[in-house]
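The chain contents come next:
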Amino acid sequence: MYKRLLILSSAVLSGCAVPPPEWVVAPADPQWRGPPIQAADVTLGTQTFRPVEPRGWGNMPPQVQKGGSGGGHE
């Protein structure tokens with residue numbers, strides 16, 4: 001029963017469909033030439049980072065003293 005209803009309704013609704021515009025169903029033009037392909041440098045504007053030797057402990061910034069008036073946890 002449902003199969004017949006489905007077939008009947010699809011046949012009726014397909015008759016009411018609007019045909020698609022010509023540019024949608026037209027084949028592509030094989031003679032059309034698009035814009036030329038250009039190669040782009042993918043590393044343009046990047047910075048090079050190289051490994052360096054580790055710094056000594058003397059180059060560390062001084063630590064803030066705990067205690068006193070501060071908003072942090074102790």
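Going by the structure above, here's the rest.
To keep things clear, this report deals only with the structure shown in the data block. (Residues numbered from 1 in each chain as written. Predicted model: local features only at pLDDT ≥ 70, side-chain atom pairs only at ≥ 80, totals over all residues. Heavy atoms only, no water.)

**A look at the overall build of the protein chain**
So, point 1. If you tally the helices and strands in the protein chain, you get two helices and zero strands.
So, point 2. Here the protein chain holds 74 residues, and the buried ones make up 0% of them.
So, point 3. Only carbon and sulfur atoms are counted for the fraction: they give 61% of the accessible area of the protein chain, which is about 8,600 Å². (Helix = DSSP H or I, 4+ residues; strand = E, 2+ residues; numbered from the N terminus. Buried < 20%, exposed > 50% of the residue type's maximum accessible area, 1.4 Å probe, protein only. Areas by Shrake-Rupley, 256 points an atom, 1.4 Å probe, with all protein chains shown as cover.)

**Some details on a nonpolar patch on the surface**
So, point 1. Together, Trp 23, Val 24 and Val 25 make up an exposed nonpolar region whose accessible area comes to about 370 Å².
So, point 2. Mapped onto the secondary structure, Val 25 falls in helix H2 (residues 22–25). (Patch = residues over 30% accessible without salt bridge, like charges linked within 9 Å, V, L, I, M, F, W, Y side chains within 5 Å. Salt bridge = Lys/Arg side-chain N within 4 Å of Asp/Glu carboxyl O.)

**A few points about helix H1 (residues 2–15)**
So, point 1. Look at H1: 20 Å from first C-alpha to last across 14 residues, which is about the 20 Å you get at 1.5 Å a residue.
So, point 2. Where burial is concerned, little of H1 is hidden: zero out of the 14 residues are buried. (Expected span 1.5 Å × (residues − 1).)

**Observations regarding the environment of Ser 9**
So, point 1. For Ser 9, the position within the fold is in helix H1.
So, point 2. A distance of 3.1 Å separates a polar side-chain atom of Ser 9 from the backbone oxygen of Leu 6. (Polar contact = N/O pair within 3.5 Å; in protein donor to acceptor, adjacent residues only side chain to side chain.)

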